[in-house]
Amino acid sequence: MTLPTFIDVAAIPRIEHREAMQITSVESDKFAAALRALRTDDWSKPTVCQMWDVHAVAAHIVGSAAGQASPREFVRQVRTGKPLVAEIGGEFWWDGMNELQVRERATSSPEELIAEWDTLAPAALKSRTKLPRPIAKLPLLNLPEPVGRQPIAYLFDVGFTRDVWMHRVDITRAAGTEIDIDAAHDGRLVADIVAEWAGTHGQPFDLTLTGPAGGSYRAGSGGEAVEIDAVEFCSLLSGRGEATGLLSHPLPL
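This is a predicted model, so every value here is computed, not measured.

Colleague: Hey, could you run me through the packing of aromatic side chains in this one?
Modeller: Given two aromatic rings, one states the distance between the centres and the angle between the planes to describe the pair. Summed over the entire model, instances satisfying the criterion amount to eight aromatic pairs. An angle of 85° between the planes, with centres 5.0 Å apart, marks the rings of phenylalanine 156 and phenylalanine 160 as edge-to-face. With a gap of four residues between them, phenylalanine 156 and phenylalanine 160 both fall in helix H7 (residues 152-175), about one helical turn apart. Residue phenylalanine 156 is classed as buried on the basis of its relative accessible area, which comes to 14%. Using a relative accessible area of 10% as the deciding quantity, one classes phenylalanine 160 as buried. Aromatic rings pair up to connect Phe74, Phe92, Trp93, Trp94, Phe156 and Phe160 into one cluster.

Colleague: I would appreciate a short explanation of H7 in the present structure.
Modeller: Two residues of an α-helix separated by three or four positions point the same way, owing to the 3.6 residues in each turn. The first and last C-alpha atoms of H7 sit 33 Å apart over 24 residues, in line with the 34 Å expected at 1.5 Å per residue. Along H7, the helix axis deviates most sharply at glycine 159, where the bend reaches about 45°. Across the 24 residues that make up H7, a large majority, 22, are buried. Phi turns positive, to about 75°, at glycine 176, one or two residues after H7.

Colleague: Can you help me understand the pattern of salt bridges in this one?
Modeller: Where charged atoms from two side chains of opposite charge come close, those side chains can pair. By the definition in use, this model includes 22 salt bridges. In this structure, aspartate 180 engages lysine 30 in a salt bridge whose closest nitrogen and oxygen atoms are separated by 3.5 Å. Of this pair, aspartate 180 sits in the loop between H7 and helix H8 (186-201) while lysine 30 sits in helix H1 (residues 17-36), and the two are 150 residues apart along the sequence. Note that glutamate 104 is salt-bridged to arginine 76, the shortest N-O span being 2.9 Å. Separated by 28 residues along the polypeptide, glutamate 104 in helix H4 (residues 93-104) and arginine 76 in helix H3 (residues 71-87) bring together distant segments of the chain. Taken together, the salt bridges that share partners define one network made up of Glu27, Lys30, Arg168, Asp180, Asp182 and Asp186.

Criteria and thresholds
- The numbers attached to residues start from 1 for each chain and follow its sequence in the written order.
- The model is predicted, so local features are restricted to residues of pLDDT at least 70 and side-chain atom pairs to those at 80 or more, both for listing and for counting; the totals for chains, interfaces and linings are taken over all residues.
- Working from all heavy atoms in the structure, the side-chain values ignore hydrogens and water.
- The aromatic pairing rule takes the rings of Phe, Tyr and Trp, using the six-membered ring of Trp, and pairs them if the centres are within 6.5 Å, calling planes under 30 degrees apart stacked, those over 60 edge-to-face and the rest tilted.
- The helix count covers DSSP runs of H or I at least four residues long, the strand count covers runs of E at least two residues long, and both are numbered beginning at the N terminus.
- Partly exposed residues are those whose accessible area sits between 20% and 50% of the maximum for their type, while under 20% is buried and over 50% is exposed, using a 1.4 Å probe and protein chains only.
- Expected span of a helix: the number of residues minus one, times 1.5 Å.
- At any given residue, the bend is defined as the angle formed between two axes, one fitted to the seven residues that end at that position and one fitted to the seven that begin there.
- Throughout this description, the term salt bridge denotes a Lys or Arg side-chain nitrogen within 4 Å of a carboxyl oxygen of Asp or Glu.

Note that every value here comes from positions in space, so none of it alone points to a role or purpose.
Next up, the structure:
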């Protein structure tokens, strides 16, 4: 039996802007393919996201891309969505924004959502790529613990892409379609999540992630040993399921 070679989490390079935009481009194509793989009855299937079926999840992602593509649209969504936070029992400003995205596309057909994504995804990528670095570095995001205050780049470089990735998982799992996971793309996203997660709780661990996006990671010595599928690991961190031990330390995804 070959023992895994553990990577020190401190040695994982974090995803910076240039690489983030390359990853976003790939993820946008994967999300488009996931939507096109859905059958007619898949769009109404429930997902793990409370009160959202597959259509609603897709509508959220498409609406989010609209806000990323246009600063004016982003501000409109924030302002218009704000009153919805209390209405839906949400906690944060983006809860209302997300709800607005879903409501405004509730009557869109699958074909219309796909077509809108095909138009908006490249526009969103272009806008995010050109976001001036001085603005990106402004620490204006006050996110829930354990993330806390972050620069705008936290959301526009990687956060939005993680959201698309996690919801691609939600859609394919709900529909029972095949999910496209590979080491180069998905594995890089997962490794970055591992590095951030390790920094938020600061405890030692041996983490073995299985599957195409997996890897073996270590922090310190004598910590908890965990073995789990890489995608399931991210799902649990995001609150999709019951977690115990170190996995109960959340990370918004």
